[in-house]
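What follows is the residue order along each chain.
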Amino acid sequence: MIMRYACVADAKPLAELEAVCFPPAEAATEAQIRDRLEVYPNHFLLLLDDEKVIGYVNGMVTDERELADEMYADASMHNENGAWQMIFGVDVHPDHRCRGNAAQMLRRFIDDAKAQGRVGLVLTCKDRLVHYYAKFGFVDEGISESTHGNVVWHAMRLTF
């Protein structure tokens, strides 16, 4: 398995994986992913097995402290020099789950954010995943204002 950052040509397989990992109301479309890749491909970390994408972590960088719903749709909100690395999703194909793949990608994404001089990372997650992200040092800040996909999300923050 190898990890690499994405390019625009990865939009279709990433959208296919997104559709497998998330319900339609939460999943990014191929067009949304392509828009993001055109602006910040170096914030899409891919995990490949025999050149097939089996997982990825992605998100924009911003000076905003909170992950806002409009960030998912508006790639122009990305600020490469921003303080906070947002995480929009940690996707792993179901056939490759429970093998440490998400943890491997997340650790690398965290290390890369630290090396880039970020203040920390922010994500939102469902209640059942709060304990998982806590293992990486993320702190639950309570229920997020996000209504992305009409779901209740916890705001999680890892500060360096």
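To start, this report covers the structure provided alongside it.

About the thresholds
- Residues numbered from 1 in each chain as written.
- Predicted model: local features only at pLDDT ≥ 70, side-chain atom pairs only at ≥ 80, totals over all residues.
- Heavy atoms only, no water.
- Helix = DSSP H or I, 4+ residues; strand = E, 2+ residues; numbered from the N terminus.
- Rg over C-alpha atoms; globule rule 2.2 N^0.38 Å.
- Buried < 20%, exposed > 50% of the residue type's maximum accessible area, 1.4 Å probe, protein only.
- Contact = heavy atoms within 4.5 Å.
- Areas by Shrake-Rupley, 256 points an atom, 1.4 Å probe, with all protein chains shown as cover.
- Lys, Arg positive; Asp, Glu negative; His and termini not counted.
- Charge placed at Lys NZ, Arg CZ, Asp CG, Glu CD.
- Pairing = 2+ DSSP bridges.
- Axes fitted to C-alpha atoms, helices over the stretch in contact; angles between N-to-C directions.
- Patch = residues over 30% accessible without salt bridge, like charges linked within 9 Å, V, L, I, M, F, W, Y side chains within 5 Å.
- Salt bridge = Lys/Arg side-chain N within 4 Å of Asp/Glu carboxyl O.
- Disulfide = S-S within 2.5 Å.

**Brief notes about the overall build of the protein chain**
Then step 1. A tally of helices and strands in the protein chain yields 5 helices and 9 strands.
Then step 2. Secondary structure of the protein chain in N-to-C order comes out as β-α-α-β-β-β-α-β-β-α-β-α-β-β.
Then step 3. Here the protein chain has a C-alpha radius of gyration of 14 Å; the compact-globule value for 160 residues is 15 Å, and the two agree.
Then step 4. Burial status across the protein chain gives 49% buried among its 160 residues.
Then step 5. Of the contacts made within the protein chain by residues no fewer than 6 positions apart, 63% connect residues no fewer than 24 positions apart.
Then step 6. Here the protein chain has roughly 7900 Å² of accessible surface; of this, 51% comes from carbon and sulfur atoms.
Then step 7. Considering the protein chain, the positive charge centre built from 16 side chains and the negative charge centre built from 25 side chains are found 6 Å apart.

**Regarding unusual backbone geometry**
Then step 1. Despite not being glycine, C98 has its phi angle at roughly 65 degrees, a positive value.
Then step 2. Its relative accessible area of 85% is what places C98 among the exposed residues.
Then step 3. Positive phi, normally seen in glycine, also occurs at N150, with a value near 60 degrees.

**So, the side chain of H148**
Then step 1. Mapped onto the elements of the fold, H148 is located in the loop between β8 (139-143) and β9 (154-159).
Then step 2. On the basis of relative accessible area, H148 is assigned to the buried category, the value being 19%.
Then step 3. If near-sequence neighbours (up to four positions away) are discounted, H148 is found in contact with A25, E26, D69, Y72 and W153.

**Looking at the sheet that holds strand β2 (residues 44-49)**
Then step 1. Spatially, the 4 strands line up as an open sheet ordered β1-β2-β3-β6, and their pairing is antiparallel. Single-partner strands in this sheet number two, and they are β1 (2-5) and β6 (89-92). In this sheet, adjacent strand axes meet at a mean angle of 25 degrees when their direction is disregarded.
Then step 2. Note: β2 against strand β3 (residues 52-58), 6 bridges, orientation antiparallel. Within the sheet, the bridge partner assigned to L48 lies in β3 and is V53.
Then step 3. Helix-sheet contacts for helix α1 (residues 11-21) involve β2, β3 and β6, and the interaxial angle to β3 is about 75 degrees.

**Re a negative patch on the surface**
Then step 1. Where like charges cluster on the molecular surface, the negative patch consists of D63, E64, E70 and D74.
Then step 2. The topology assignment puts E64 in the loop between β4 (61-62) and α3 (70-73).

**Concerning the state of the cysteines**
Then step 1. Considering all chains together, one arrives at 0 disulfides under this definition.
Then step 2. Not engaged in a disulfide, the cysteine C7 finds its nearest cysteine sulfur in C21; these two sulfurs lie 19 Å apart.
Then step 3. Considering cysteine sulfurs only, C21 is the nearest to C98, which forms no disulfide, with 12 Å between them.

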